[in-house]
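# Structure at a glance
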Amino acid sequence: MAEPQSPTGPLTALRLDDRLRDTKLFFTQAVRTFHATGSVVPSSRALADALAEYVRERPDPGQALRILEAGAGTGAITRGIAAAMGPKDTADLVEANPRFAAHVEDLLGSDPELSAIADRATVHAMLVNDMGTDQAYDVIISGLPFANFTAEQVGEILDHYFTVLRPGGTLSFYGYLYTKEVKAVIARREDYLRQARASWLVQDWIDRYGIRSERVWANVPPAWVHHLRKPA
Ligand SMILES: C[S@@+](CC[C@H](N)C(=O)[O-])C[C@H]1O[C@@H](n2cnc3c(N)ncnc32)[C@H](O)[C@@H]1O
């Protein structure tokens, strides 16, 4: 009988083992550094594909894109980006947690999807806002947990993204559905207010630059994906 196929290749026991290994690493790091990690499991493939929309869909099919991924984690979204990349595209993969950064570096040498972009991808073990402003990107994909940050931190990161984004370039990021509502019930007042201020700031950026938003239900937890464009 033919082996079951995933959209990106054979769904072998090895691939399931890889996913389990990534999930275990993600969970153990999330327990240690939940503030920066912001979730307990890696993103789903559906979320990765939604975030990679503007890597897949480009006005000029021959255009070589420079891509920045912020918060690569265990590479869940990187795989969606890799599947959408053209042969001349390049990617900077930035990850603040050195354990995750080393893991993504290993995956570039061993993972079937990620090794396909190994010659065009560079891992940077650092905060994305410490990357400097000498590079310019056509597409930025952010996996950072804005809901865990202060409005000042979110503002600094969004300013950085729009500084290094080329005019006409897109920024795609996500946030989990209903986090504000859940925090209103379970969080301490200061934490609820911190998150409310951060989400008002994010909403202000979406109102100014948003081109499209969509819900992705097939993720734990379900998420909003927002795409913003820097004015040309
Ligand atoms: C919600 S996880 C997303 C991980 C992965 N992209 C995914 O979707 O499964 C957020 C990631 O961002 C990283 N991170 C948090 N703040 C960062 C920053 N300022 N610069 C770079 N990475 C950061 C965390 O270490 C964590 O791996």
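Sequence order as written defines the numbering, with residues in each chain counted from 1. Side-chain atom pairs in this predicted model are given and counted only at pLDDT of 80 or more, local residue features only at pLDDT of at least 70, and totals for whole chains, interfaces and linings cover all residues. Note: side-chain values were computed over all heavy atoms of the structure, leaving out hydrogens and water.

### What to know about unusual backbone geometry
- Omega for the bond connecting Val220 with Pro221 falls within 30 degrees of zero, at -10°, which places this linkage in the cis form.
- Per the convention used, a helix needs a DSSP run of H or I reaching at least four residues, while a strand needs a run of E reaching at least two, with both numbered from the N terminus. By secondary structure assignment, the location of Pro221 is in the loop between β8 (210-216) and β9 (223-229).

### Remarks on the confidence of the model for the protein chain
- Considering every residue of the protein chain, the mean pLDDT works out to 91; 94% of them sit at 70 or more.
- How sure the predictor is of each residue is captured by pLDDT, a score from 0 to 100. Note on definitions: a residue-residue contact is assigned when non-hydrogen atoms from the two residues lie within 4.5 Å. Residue range residues 1-11 is modelled with pLDDT below 50. Its contacts to residues more than four positions away, or to other chains, number 11 contacts.

### Details of the site of the ligand
- To be near a molecule or strand, a residue needs just one of its heavy atoms within 4 Å of it. If you check the shell around the ligand, you find 24 residues, and the closest are Thr37, Ser43, Gly71, Glu95 and Val128.
- The definition of a polar contact used here is a pair of N or O atoms within 3.5 Å, where within protein one atom must be able to donate a hydrogen and the other to accept one, and adjacent residues in sequence count solely through side-chain atom pairs. Within the backbone of Gly71, a nitrogen or oxygen atom sits 2.7 Å from a nitrogen atom of the ligand.
- All accessible areas in this document rest on Shrake-Rupley with a 1.4 Å probe, and a residue is counted as covered only by the protein chains that are shown. Considered on its own, the ligand offers 600 Å² of accessible surface; in the complex 97% of this is hidden by protein.
- A cavity here means a set of 1 Å grid points, computed over protein atoms only, where a 1.4 Å probe fits but cannot escape. A pocket is an open set with protein on both sides within 12 Å along at least 5 of 7 lines, and lining residues have an atom within 4 Å of a point. More than half of a molecule's atoms within 2 Å of the grid points is what it takes for that molecule to sit in a cavity or pocket. Its atoms largely coinciding with the cavity grid, the ligand occupies the second largest pocket.

### Details of the layout of surface pockets
- Grid points are joined across faces, edges and corners, and a volume is the space filled by probe spheres set on the points. Volume-wise, the largest pocket comes out at about 790 Å³.
- Along its surface, the largest pocket is lined by 36 residues, and Ala147, Gly175, Tyr176, Thr179 and Gln195 are the ones closest to its centre.
- Residue classes in the lining of the largest pocket are distributed as 21 nonpolar, 12 polar and three charged.
- As for the second largest pocket, its lining consists of 35 residues, of which Ala36, Gly71, Glu95, Leu144 and Pro145 are closest to the centre.
- Counting residues per element, the ones that place at least two in the lining of the second largest pocket are α2 (34-37), β3 (66-70), α5 (76-84), α7 (151-164) and β7 (165-176).
- Taken together, the residues of the lining of the second largest pocket sort by class into 20 nonpolar, 12 polar and three charged. Polar here means any residue other than Ala, Val, Leu, Ile, Met, Phe, Trp, Tyr, Cys and Pro, which are nonpolar, and Asp, Glu, Lys and Arg, which are charged; Gly is therefore polar.

### Points about the pattern of salt bridges
- Basic side-chain nitrogens of Lys or Arg form a salt bridge, by our definition, when they fall within 4 Å of a carboxyl oxygen of Asp or Glu. On inspection of all chains with the given rule, the structure shows 18 salt bridges.
- For the salt bridge of Glu113 with Arg19, the shortest nitrogen-to-oxygen distance reads 3.8 Å. With Glu113 in the loop between α6 (98-110) and β5 (121-124) and Arg19 in helix α1 (residues 13-32), the pair connects residues that are 94 residues apart, well separated along the chain.
- We classify Arg19 as partly exposed; its relative accessible area is 29%.
- A salt bridge links Asp22 to Arg79; its shortest N-O distance comes to 3.2 Å. Taken as a pair, Asp22 in helix α1 and Arg79 in helix α5 lie far apart in primary sequence, 57 residues in all. Exposure class is identical for Asp22 and Arg79. Each is buried. When a residue's accessible area, from a 1.4 Å probe over protein chains only, is under 20% of the maximum for its type it is buried; when over 50% it is exposed; and in between it is partly exposed.

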